[in-house]
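Chains, contacts and geometry: an overview
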Amino acid sequence: LLFLPRQAIVERGGSGPVARVVLDAGHGGDDTGVIVSKLAEKDLVLSVVQRLQKLLEARNVEVVLTRNTDKAVGLLARAQYASSAQVFLSVHAAAGTEANVYSYPEVQTLRLLEKGRELSPKTPANQKPVLERYVAPPGSAARFAQGISEALAGAAITAHVSQDAMYVLSQAGGAAVLSELGFETLRTPQGRDSVASALAQAIFSYLGLPASKPVSSTPAPKPGGSKP
């Protein structure tokens, strides 16, 4: 049973996407965020999030966006969205070329996580995956943040990892991270593609998915069944 702004969702059995990822494009509407050389933070981060959504959905990952247009979304609503996901990624931007990646301090863990982790050892093995879908093991957010930093480094972007008790991360049961990307990197479509690809790589790694679908190296048989 999941609670989102103005709706409740009940999930029961069945096979679906391998994971749910909530992507949060910062700011929106009258809240433009930082503006550098007439480029608004709200527009750049939404562009990155939409690119990232396509990469994740191509791998059967369920993606929920806190906003898909230029609209305002309250902080409480953003935080509530995070409570329904295995992965929550809030995307922001700041002047410069370097990035910052934040996770919520473990010492300030909310009761939701504490209670879930208390139940985990007592949960039957066949039911534990259901609990772990919404209650991540200790250190998961920090591990995800480090994975983002390493993936960005692979795209030649320096990223600093730290912890901060940001409210938008406070309701998450899964791995929740806020990334603050450099404007200079996001100026061009190519830069936004590169960042989205790095973020997708980090999410796939955290979820235990291969970076890309395996491609068979065996050539397809020729018509008629003859060997090459």
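Reference entry: report on the structure contained in this document. Treat the numbers as computed from the prediction; the structure is a model and nothing was measured. (Residues numbered from 1 in each chain as written. Predicted model: local features only at pLDDT ≥ 70, side-chain atom pairs only at ≥ 80, totals over all residues. Heavy atoms only, no water.)

Side chains of Leu75, Leu76 and Tyr167 sit close together on the surface and give an oily, nonpolar patch of about 290 Å² of accessible area. Within the secondary structure layout, Tyr167 lies in the loop between β9 (159-163) and β10 (175-182). (Patch = residues over 30% accessible without salt bridge, like charges linked within 9 Å, V, L, I, M, F, W, Y side chains within 5 Å. Areas by Shrake-Rupley, 256 points an atom, 1.4 Å probe, with all protein chains shown as cover. Salt bridge = Lys/Arg side-chain N within 4 Å of Asp/Glu carboxyl O. Helix = DSSP H or I, 4+ residues; strand = E, 2+ residues; numbered from the N terminus.)

One open sheet holds the six strands; their spatial order is β6-β3-β7-β10-β8-β9, and the pairing between them is mixed. Across the chains shown, the open sheet's two edge strands, defined by having one partner strand only, are β6 (62-65) and β9. Averaged over neighbouring strand pairs, the angle between their axes works out to 20° when direction is ignored. Note that strand β3 (residues 20-25) and strand β7 (residues 87-94) share five bridges and pair parallel. (Pairing = 2+ DSSP bridges. Axes fitted to C-alpha atoms, helices over the stretch in contact; angles between N-to-C directions.)

Turning our eyes to something else, we now look at the pattern of salt bridges. For the coordinates displayed, the defined rule picks out five salt bridges. Linking Arg20 and Glu62 is a salt bridge whose minimum nitrogen-to-oxygen distance equals 3.4 Å. Of this pair, Arg20 sits in strand β3 while Glu62 sits in strand β6, and the two are 42 residues apart along the sequence. In this structure, Glu184 and Arg187 form a salt bridge, with 3.1 Å as the shortest nitrogen-oxygen distance. Judged by relative accessible area, which is 30%, Arg187 ranks as partly exposed. (Buried < 20%, exposed > 50% of the residue type's maximum accessible area, 1.4 Å probe, protein only.)

All right, on to the packing of aromatic side chains then. Using the criterion set out here, one finds one aromatic pair in the structure. Between Phe144 and Tyr206 the ring centres are 5.4 Å apart and the planes differ by 50°, which places this aromatic pair in the tilted class. Of this pair, Phe144 sits in helix α5 (residues 140-154) while Tyr206 sits in helix α7 (residues 189-207); the two residues are 62 residues apart in sequence, bridging distant segments of the chain. Across this residue pair, the class does not change: Phe144 and Tyr206 are buried. The residue whose ring lies beneath Arg59 is Phe204, and the NZ or CZ to ring-centre distance is 4.8 Å. (Phe/Tyr/Trp six-rings, centres within 6.5 Å; stacked < 30°, edge-to-face > 60°. Lys NZ or Arg CZ within 6 Å of the ring centre and 35° of its normal.)

Once that is clear, we can look at the side chain of Lys42. Structurally, Lys42 is set in helix α1 (residues 41-57). Of the polar contacts made by the side chain of Lys42, one reaches the side chain of Asp70; its length is 2.9 Å. Contact partners of Lys42, with chain neighbours within four places excluded, come to Gly26, His27, Gly28, Gly29, Asp31, Thr32, Arg67 and Asp70. (Polar contact = N/O pair within 3.5 Å; in protein donor to acceptor, adjacent residues only side chain to side chain. Contact = heavy atoms within 4.5 Å.)

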